[in-house]
Amino acid sequence: MAPMDTHVPVTVDPITASVVQGALENIAVEVGYKLMRMAYSSIIRESEDFGAALVDAEGRGLAESAQSTPLQSGPIPGYVKHMLRTLAARGDTVRPGDVIMHNDPYGGASHGPDVAFIVPVFHQGELVGFSGTTAHHLDIGALTPGSCGIVDAIDAYAEGLQFRAIKVVSEGVRNEAVWQILRDNIRASDLVVGDMEAQVAASRIGAERMAALVSRVGLPAFRAACAALMDHAERLMRQAIARLPEGSWRAETFIDGYLDDPDPSRRELPLVATVTKKGDGLVVDLTGTAPQVPDRPINMPLTGTVDVAVWLTIRSVLLDTAIHGHVPVNEGLTRPITIIAPKGCLANPTYPAPTIARFCPGNQLADTVMKALAQAVPGQVSAGIGNLKVIAFSGLSGEKHWVHMEIFEGSYGGRADSDGMDAVDTLYANTRNNPIEDIETHLPLRVERYELREDKVGAGTFRGGLGSVRAFRFLTDGGASVEGEGHHFRPWGFDGGEDGETARLDIVRADGTVQALPSKVPHMAVKAGDTFVCEGPAGGGYGDPRLRDPASIAADVADGLISAETARDRFGAGIAPGRAKT
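These lines cover the structure that appears in this document, whether it is placed above or below.

**What about the overall build of the chain?**
Tallying secondary structure elements over the chain gives 13 helices and 20 strands in all. Whereas a compact globule of 582 residues would reach a radius of gyration of roughly 25 Å, the chain reaches 24 Å, a difference of no more than 12%. Along the three orthogonal principal directions, the C-alpha set of the chain runs to about 90 × 60 × 45 Å. Looking at the 582 residues of the chain, the share that counts as buried comes to 59%. Considering only contacts within the chain whose residues lie at least 6 apart along the sequence, 72% involve residues at least 24 apart. Looking at the chain as shown, the accessible area adds up to about 21,600 Å², and 52% of this sits on carbon and sulfur atoms. Put simply, the chain has 53 plus and 73 minus side-chain charges, and the middle of one group is 1 Å from the middle of the other.

Next up, the structure:
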């Protein structure tokens with residue numbers, strides 16, 4: 001009997017397609033958890049700043065790890081597509097036993113520190129897909145310690161090591177020379193290379209599980225099921241878009257840029273999004289966004305950051321899982337969405353413009369798309385988000401570097417039926433905080449404060465979420481660098497709600513002197529006893545504050561979240577100090 005032609009089109013019943021979908025999703029989640037548990041650094045095992053996904057042989061996304069950050073899992077199909085092009089351009093291909101490393105921000109990667117390790121999946125000698133993981137690594141060999149806060153990088157070369165489809169394992173044989181280059185050129189290499197080894201192991205687990213799935217259902221049925229799943233996701237998105245009113249909606253927000261820079265081309269920069277419905281498709285036009293900053297790294301890769309920010313926002317607004325239930329995340333969701341970004345703007349920079357600090361601008365771009373959609377579906381959005389901040393703490397212990405990256409959460413704006421969430425990562429970030437016990441056990445840092453930022457609120461019928469206050473004291477001499485946004489522009493209020501509150505960052509020196517810092521600070525020396533105090537932003541309010549439920553106002557006063565004076569002056573509530581009841 002001749003072998004079955006695996007390329008002959010076949011149909012698949014909905015039950016089989018659903019079984020394949022569930023299996024793919026469970027594999028991706030398992031890969032994510034395996035990576036968390038094997039990782040060395042807290043940025044992966046605690047903050048969950050990693051991604052895991054399965055894609056088909058063409059690089060089309062099939063499933064991603066639901067518990068990881070969308071900014072990590074979402075770009076993996078782009079990593080794979082560009083990896084395949086890079087290999088083909090140099091006359092190479094993927095083979096059984098290969099493990100490929102890739103982090104090119106102009107080739108699908110979100111930015112340089114998010115390194116992917118990709119394992120091909122074969123069935124009876126035929127390529128059927130890939131299992132891939134990404135993770136934010138503590139150091140990538142840039143000009144200063146850490147992989148965030150490299151805010152003074154002048155080009156892509158200053159941002160650290162660049163890997164374009166490098167086979168760290170070729171047909172089952174480790175390339176020890178590449179691994180030695182990594183150990184010799186990365187600070188805290190025990191942690192970083194250990195995390196990379198964990199990625200390889202996790203990606204291999206995903207490849208094994210995916211290969212077993214294909215063997216179980218058969219390759220023709222597997223391919224037919226994947227095609228059906230992507231078509232289903234596309235239909236869901238097109239139906240959601242078709243329900244929108246006809247129109248075009250424009251929004252503009254701003255990022256700080258470099259507030260202390262005398263050059264106006266580097267500060268107070270606009271992000272513009274015009275969303276236009278065309279039948280059952282959407283066009284997101286970013287024309288009007290500021291030109292790229294050629295020698296500062298706040299530019300955003302179009303593939304890997306901008307596209308993910310746009311896709312995630314549209315998906316979360318139009319296909320909210322609280323309403324629609326489970327929504328399969330695969331390439332089908334992106335088919336109805338076209339993104340236009342003029343070459344040379346912040347959202348589509350020209351190589352070698354640096355991109356390593358694209359995190360906060362990209363999150364603000366997602367917020368801009370949300371603001372545009374608010375005009376079309378006001379009941380399905382939140383008001384403006386409080387953006388995030390990341391600080392790289394570092395130092396030397398003898399001849400070895402220690403590096404710790406801490407993500408300082410923001411907050412959500414109010415919604416049509418609920419207050420914004422307090423002190424959380426927002427939009428495409430979705431990372432977690434690090435437990436204080438973990439920080440203080442492993443690092444020469446003391447967490448002096450961790451609390452909600454009281455009486456700083458975006459007033460509304462539904463108030464914006466509160467930010468947090470966190471204070472980190474150095475126990476030894478060291479250094480720090482800062483990458484953030486939201487010090488100058490308040491999160492936007494909506495439908496009569498007030499704007500939120502800006503963030504603030506101070507360093508309190510050991511002698512008691514206080515220095516206010518901008519949202520971006522290149523590496524600076526820090527002495528033992530110096531303390532960073534970070535006050536997070538408050539999200540924008542939704543609706544007229546005077547229409548807020550009096551019981552909710554009283555509860556906020558009783559909980560100490562707002563003062564009686566704020567309740568009176570900004571919400572119009574007459575509550576005497578000390579008289580509020582829960």
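There is more to say after this.
**Quick word on the pattern of salt bridges**
Pairs may arise between side chains of opposite charge once their charged atoms sit close together. Using the criterion set out here, one finds 46 salt bridges in the structure. A salt bridge links arginine 174 to glutamate 197; the shortest N-O distance between them is 3.3 Å. With arginine 174 in strand S7 (residues 173-174) and glutamate 197 in helix H6 (residues 189-217), the pair connects residues that are 23 residues apart, well separated along the chain. Relative accessible area serves as the criterion here: at 29%, glutamate 197 is assigned to the partly exposed category. In this structure, a network of salt bridges that share partners links the residues Arg45, Glu46, Glu48, Arg432 and Asp438.

**Observations regarding the packing of aromatic side chains**
What the rule picks out here adds up to 13 aromatic pairs. Ring plane angle 20 degrees and centroid distance 5.2 Å describe the contact between phenylalanine 254 and phenylalanine 489, whose orientation is recorded as stacked. Here phenylalanine 489 lies in the loop between strand S16 (478-484) and strand S17 (504-508) and phenylalanine 254 lies in strand S8 (residues 248-257), a separation of 235 residues in the sequence. A relative accessible area of 31% means that phenylalanine 254 is categorised as partly exposed. A relative accessible area of 25% places phenylalanine 489 in the partly exposed class. Across from the ring centre of tyrosine 258, 6.0 Å away, lies the NZ or CZ of arginine 296, which sits over that ring. Above the plane of the ring of tyrosine 258 lies lysine 520, whose end atom (NZ or CZ) is 5.7 Å from the centre.

**With respect to helix H13 (residues 564-571)**
When H13 is considered as a whole, its buried residues turn out to be Ala564, Thr566, Ala567 and Phe571. Considered in projection along H13, the buried side chains sweep an arc of 165 degrees and stay on one side of the axis. On the buried face of H13, the contacting elements are helix H12 (550-558). In the stretch just after H13, glycine 572 is the one whose phi turns positive, near 70 degrees.

**Focus on the sheet that holds strand S11 (residues 337-340)**
What the four strands build is an open sheet, ordered S8-S9-S10-S11; its pairing is mixed. At either margin of the open sheet sits one strand with a lone partner, and together these are S8 and S11. Averaged over neighbouring strand pairs, the angle between their axes works out to 20 degrees when direction is ignored. The pairing of S8 with strand S9 (residues 267-278) spans nine bridges and is antiparallel. The partner of tryptophan 249 across the bridge, within S9, is valine 275. Where helix H8 (residues 302-318) meets the sheet, it contacts strand S10 (281-285) and S11, and its direction lies at approximately 135 degrees from that of S11.

**Things to note about the packing of H6 against helix H7 (residues 219-242)**
A pair of packed helices is characterised by two quantities: the angle between their axes and the separation of those axes. Viewed as axis vectors pointing N to C, H6 and H7 meet at an angle of 110 degrees, and their least axial separation amounts to 6 Å. Between H6 and H7, the angle falls in the class roughly perpendicular. Contact with H6, carried on its side by Met210, Leu213, Val214 and Val217, involves Leu219, Ala221 and Phe222 of H7 and no other residues of that element. Across the contact of H6 with H7, the residue classes tally to seven nonpolar, no polar and no charged.

**Concerning the nonpolar core**
Counting residues in hydrophobic clusters, the biggest one holds 116 residues, and the most contacted among them are Leu24, Phe117, Met196, Phe222, Ile314, Leu318 and Leu346. Setting aside its immediate chain neighbours within four residues, phenylalanine 222 contacts Val20, Leu24, Leu62, Val128, Met210, Leu213, Val214 and Val217. Ranked by size, the runner-up nonpolar core spans 20 residues in total, among them Ile439, Val482, Leu517 and Met524.

**A look at the side chain of aspartate 195**
Locating aspartate 195 in the fold gives a position in helix H6. The buried charged residue aspartate 195 lacks any salt bridge partner; its closest oppositely charged side chain belongs to arginine 45, at an N-O distance of 6.9 Å. Look past the residues within four positions of aspartate 195 in its chain and what remains in contact with it is Leu35, Ala39, Tyr40, Ser41, Ile44 and His137.

**Quick look at the environment of histidine 324**
Among the structural elements, histidine 324 can be located in helix H9 (residues 321-324). The exposure class of histidine 324 is partly exposed, given its relative accessible area of 37%. When the C-alpha atoms of histidine 324 and arginine 504 are compared, they prove to be 38 Å apart, with 180 residues separating the residues in sequence. Setting aside chain neighbours within four positions, we find histidine 324 in contact with Arg243, Leu318 and Leu319.

**Considering the pairing of strand S1 (residues 50-56)**
S1 sits mainly inside the fold: seven of its seven residues count as buried. Going residue by residue along S1, you find Phe50, Ala52, Leu54 and Asp56 tucked away on one face and Gly51, Ala53 and Val55 tucked away on the opposite face as well. The pairing of S1 with strand S2 (residues 61-64) spans three bridges and is classified as antiparallel. Bridged to leucine 54 within S2 is alanine 63.

**Focus on the sheet that holds S2**
Ordered in space as S2-S1-S5-S4-S3-S6-S7, the seven strands form an open sheet in which the pairing is antiparallel. The strands lining the two open edges of the sheet, one partner per strand, are S2 and S7. Pairing between strand S3 (residues 99-102) and strand S4 (residues 114-123): three bridges, direction antiparallel. Bridging from a neighbouring strand, methionine 101 pairs with phenylalanine 117 of S4.

**Considering helix H1 (residues 14-38)**
Given a rise of 1.5 Å per residue, 25 residues ought to cover 36 Å, and the 36 Å separating the end C-alpha atoms of H1 matches this to within 8%. Along H1, the residues that are buried comprise Ala17, Val20, Gln21, Ala23, Leu24, Glu25, Ile27, Ala28, Val31, Gly32, Leu35 and Met36. Summarising the contacts, the buried residues of H1 are in contact with helix H2 (42-45), S1, S2, strand S5 (126-136), H6 and H7. Looking at where H1 begins, the residue whose side-chain oxygen comes 3.1 Å from the main-chain nitrogen of isoleucine 15 is aspartate 13.

**Some words on the environment of aspartate 231**
When you line up the elements, aspartate 231 lands in helix H7. In this structure, the C-alpha to C-alpha distance between aspartate 231 and phenylalanine 163, residues 68 residues apart in sequence, is 33 Å.

About the cut-offs
- Residues numbered from 1 in each chain as written.
- Predicted model: local features only at pLDDT ≥ 70, side-chain atom pairs only at ≥ 80, totals over all residues.
- Heavy atoms only, no water.
- Helix = DSSP H or I, 4+ residues; strand = E, 2+ residues; numbered from the N terminus.
- Rg over C-alpha atoms; globule rule 2.2 N^0.38 Å.
- Buried < 20%, exposed > 50% of the residue type's maximum accessible area, 1.4 Å probe, protein only.
- Contact = heavy atoms within 4.5 Å.
- Areas by Shrake-Rupley, 256 points an atom, 1.4 Å probe, with all protein chains shown as cover.
- Lys, Arg positive; Asp, Glu negative; His and termini not counted.
- Charge placed at Lys NZ, Arg CZ, Asp CG, Glu CD.
- Salt bridge = Lys/Arg side-chain N within 4 Å of Asp/Glu carboxyl O.
- Phe/Tyr/Trp six-rings, centres within 6.5 Å; stacked < 30°, edge-to-face > 60°.
- Lys NZ or Arg CZ within 6 Å of the ring centre and 35° of its normal.
- Arc of directions from axis to C-beta.
- Pairing = 2+ DSSP bridges.
- Axes fitted to C-alpha atoms, helices over the stretch in contact; angles between N-to-C directions.
- Parallel < 35°, antiparallel > 145°, perpendicular 65-115°, else oblique.
- Nonpolar A, V, L, I, M, F, W, Y, C, P; charged D, E, K, R; others polar.
- Core = buried A, V, L, I, M, F, W, Y, C linked by side-chain atoms within 4.5 Å.
- Expected span 1.5 Å × (residues − 1).
- Polar contact = N/O pair within 3.5 Å; in protein donor to acceptor, adjacent residues only side chain to side chain.

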